[in-house]
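What follows is each chain in one-letter form.
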Amino acid sequence: LDSFGEHSFYNVETMKAALEKTSMVNNFFHESFRLYPLAPALGGECTSDINITSTKTGKKYTLPKGTSMTFPNMTLQRQVPDPDEIRPERWDVPAGEQPFLHTFQSGPHTCPGKPLSLLEGRVFLLLVALQFEFEFPEGVTKVEYEDGGLLRPKDGMPLLVKRRAAYYVYEESLLHM
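Here goes a summary of the coordinates provided.

1. Considerations on helix α4 (residues 114-131)
In a regular helix each residue adds 1.5 Å, so 18 residues correspond to 26 Å; α4 covers 26 Å between its end C-alpha atoms and thus fits that length. Every buried residue of α4 is accounted for by Leu118, Gly121, Arg122, Leu126, Leu127, Val128, Leu130 and Gln131.

Below you can see the structure in the form of structure tokens.
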């Protein structure tokens, strides 16, 4: 990457300010994790007895402490209106009203790398979106995925990548968009 001197976009304070002012980057990143979790399913174990009541039948069930569980993230994260649509605005609500996101698990077994991973992903997304344009090749309208333990594109990722002719690199430009 080119060096932009003291006005470099690639410094910690400018990047932090840019991320705070561009909620769309955060929202889009979360929405992409909701639609395409890296781990389509995660396992866990009940640390205490869990009582569940069916909302349809009223029947009660108990999952005893020690029961092994599988959480189908791909299914659980699609319990929203228009589940297959990319709608970053879903995340423009208070945390308690946001869609379920189990990509990093939750509770006492939350992935300890979650904050760093989310920060790195948002920084990467912001930098790439500023400098490149993406489009599918002619005849391709979507990417098919396969689950081999981790979700990955089936038969590769058909994508055309072009460097933008001009992009916002100076902090003044980005922060006043």
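2. Brief notes about the side chain of Glu31
You can see Glu31 is positioned in helix α2 (residues 23-35). When its relative accessible area of 0% is taken as the criterion, Glu31 is described as buried. A distance of 3.0 Å separates a polar side-chain atom of Glu31 from the backbone nitrogen of Arg87. Setting aside chain neighbours within four positions, we find Glu31 in contact with Glu85, Ile86, Arg87, Pro88, Arg90 and Trp91.

3. Some remarks on the pairing of strand β3 (residues 60-63)
Pairing of strand β2 (residues 50-53) with β3, which is carried by four bridges, proceeds in the antiparallel orientation. Following the sheet pairing, Asn51 is matched in β3 by Thr62.

4. Some words on the side chain of His102
With respect to the helices, strands and loops of the structure, His102 is situated in the loop between α3 (73-76) and α4. Within polar-contact distance, the side chain of His102 engages the side chain of Asn73 at 2.8 Å. If sequence neighbours within four positions are ignored, His102 has contacts with Leu42, Phe71, Asn73 and Gln77.

5. What to know about the packing of aromatic side chains
Considering all chains together, one arrives at two aromatic pairs under this definition. Each ring, one from Phe29 and one from Phe33, has its centre 4.9 Å from the other, and the planes form 70 degrees; the classification is edge-to-face. Separated by four residues within a single helix, Phe29 and Phe33 lie in helix α2, roughly one turn from each other. Each of the two residues, Phe29 as well as Phe33, counts as buried.

What counts and what doesn't
Residues numbered from 1 in each chain as written. Predicted model: local features only at pLDDT ≥ 70, side-chain atom pairs only at ≥ 80, totals over all residues. Heavy atoms only, no water. Helix = DSSP H or I, 4+ residues; strand = E, 2+ residues; numbered from the N terminus. Expected span 1.5 Å × (residues − 1). Buried < 20%, exposed > 50% of the residue type's maximum accessible area, 1.4 Å probe, protein only. Polar contact = N/O pair within 3.5 Å; in protein donor to acceptor, adjacent residues only side chain to side chain. Contact = heavy atoms within 4.5 Å. Pairing = 2+ DSSP bridges. Phe/Tyr/Trp six-rings, centres within 6.5 Å; stacked < 30°, edge-to-face > 60°.

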